[in-house]
Amino acid sequence: MKTKNRRRNREVFSEPSYWQSYSDMMAALLLIFVLIIAITLAIYRQKTVDLEQSQNSLGIARQELEDAKKDLEEYRAAIEKSNEELANSLAELQQAYANAALTQDELNKAYLEIENARNELASTQQELEDIVGIRTDIIGALQSAFNNSAMSVDAQTGSITFSSDVLFRYNSAALSADSRNTLKEIIPMYLDVLMQDRFREYVAEIIIEGHTDTDGTYESNMELSYSRAYSVAKFCMDSRNGLAEDKIEQLKSILTVNGRSFSQPVYVRDAQGNPTDQVDMEASRRVEIKFRLKEDEMIEKIEEVLRQ
């Protein structure tokens, strides 16, 4: 009987053990879990960096939009003031008619004049808002056109600037071969935007200006700056350089070429971005292309509204 029990005990202890395999499996699962967490954290960090970069870009775009909105609000304030003055004038006119006991026919005529005045004001107000926003629209169209270009458009003025060191050799007004390829790409893009049908009537002048550094006399630099600006203008007038013949004819009536010598140098900026007294000689040597709107006509239209 004892012999039989010993045999049973040996059979129990001789059964295979699964504990070691189970612990190995749990260790592997734990390692996989740790790897998943590490990968997730790395992805999260990268997404955070991308989000911060996007937010920075969005902040810059929002600031530019706020500046444009601020300019528009100032013009709208002037228009609203003129609306108030007109409303006061209309109220006084209505009171005068009531006090004078006008006949029904005369009163109807007065109301018709008031309605016509309101319609004219609404039309003029819309026209003024279109004029006020036209500069913003032109600059926006230029920035869109140059979105994939190395050339940048000034967000405030809509001008583009070429370094004279890129376009010309030292003390020369003859365009280099490399610069011709650059101008052939940039000039048609810029002028085509300005001479679109929706912008053409508002553009009074397209200006090509040459600037120099302060090395040399004012007179010699005046001649050099004008000659360089003229070389760029002459390039624009050649239909082989990308501008259509009809656009060239339009350009002839509004193109102005100026030489400014060193009257408008560019100054070196400090760490805070403020200009110093030191002239940036390289940046000062430049050719700018910009435009001027028909501001005189805008002022006249605004004055007409204010006089009503």
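This text follows the structure it describes.
Note that the coordinates shown come from a computational prediction; the quantities given were computed from them, not determined experimentally.

Conventions we followed
Residues numbered from 1 in each chain as written. Predicted model: local features only at pLDDT ≥ 70, side-chain atom pairs only at ≥ 80, totals over all residues. Heavy atoms only, no water. Phe/Tyr/Trp six-rings, centres within 6.5 Å; stacked < 30°, edge-to-face > 60°. Helix = DSSP H or I, 4+ residues; strand = E, 2+ residues; numbered from the N terminus. Buried < 20%, exposed > 50% of the residue type's maximum accessible area, 1.4 Å probe, protein only. Core = buried A, V, L, I, M, F, W, Y, C linked by side-chain atoms within 4.5 Å. Contact = heavy atoms within 4.5 Å. Pairing = 2+ DSSP bridges. Axes fitted to C-alpha atoms, helices over the stretch in contact; angles between N-to-C directions. Expected span 1.5 Å × (residues − 1).

Some words on the packing of aromatic side chains
Move 1: Under the criterion given, the structure shown has three aromatic pairs.
Move 2: Their ring planes at 85 degrees and their centres at 5.4 Å tell us that Tyr218 and Phe262 sit as a pair that is edge-to-face. Of the two residues, Tyr218 is situated in helix H7 (residues 218-236) and Phe262 in the loop between strand S3 (255-259) and strand S4 (267-269); the sequence distance between them amounts to 44 residues.
Move 3: Given a relative accessible area of 23%, Phe262 falls into the partly exposed group.
Move 4: An angle of 15 degrees between the planes, with centres 6.4 Å apart, marks the rings of Tyr226 and Tyr230 as stacked. In this pair, Tyr226 and Tyr230 are both assigned in helix H7, four residues apart and thus about one turn of the helix distant.

Considering the nonpolar core
Move 1: By size, the foremost hydrophobic cluster in this structure holds 39 residues, and its most contacted members are Ile138, Phe162, Tyr190, Leu191, Val232, Ile289 and Phe291.
Move 2: If you list the elements that add at least two residues to this core, you get helix H3 (104-145), strand S1 (160-163), helix H5 (177-194), strand S2 (203-211), H7, helix H8 (245-252) and strand S6 (286-293).
Move 3: Here the element with the most residues in this core is H5; it accounts for seven residues.
Move 4: Ile138 has contacts with Val193, Leu194, Phe199, Val203, Phe291 and Leu293, leaving out every residue within four places of it along the chain.

Notes on the sheet that holds S6
Move 1: Strand order in the open sheet made by the four strands is S1-S6-S2-S3, with mixed pairing throughout. Pairing within the sheet leaves two strands with one partner each, and these edge strands are S1 and S3. In this sheet, neighbouring strand axes are inclined to one another by 20 degrees on average, regardless of whether the strands run parallel or antiparallel.
Move 2: Both S2 and S6 contribute to a ladder of eight bridges, which runs antiparallel. Residue Ile208 lies in a different strand from S6, and its bridge partner there is Ile289.
Move 3: Its contacts with the sheet put H5 on S1, S2 and S6, and the angle it makes with S1 is roughly 165 degrees.

A word on unusual backbone geometry
Move 1: One non-glycine residue, Asn171, lies in the positive phi region at around 60 degrees.
Move 2: By secondary structure assignment, the location of Asn171 is in the loop between helix H4 (164-167) and H5.
Move 3: Classification of Asn171 as exposed rests on a relative accessible area of 57%.
Move 4: Of note in this structure, Ser261 is not a glycine but carries a positive phi near 55 degrees.
Move 5: Looking at where Ser261 falls in the secondary structure, it is placed in the loop between S3 and S4.

Here we look at H7
Move 1: Under the 1.5 Å per step criterion, the end-to-end length of H7 is 27 Å for 19 residues, consistent within 8% with the ideal 27 Å.
Move 2: For H7, the complete set of buried residues consists of Asn221, Leu224, Ser225, Arg228, Ala229, Ser231, Val232, Ala233, Phe235 and Cys236.
Move 3: As for H7, its buried residues are in contact with H4, H5, S2, H8, S3 and S6.

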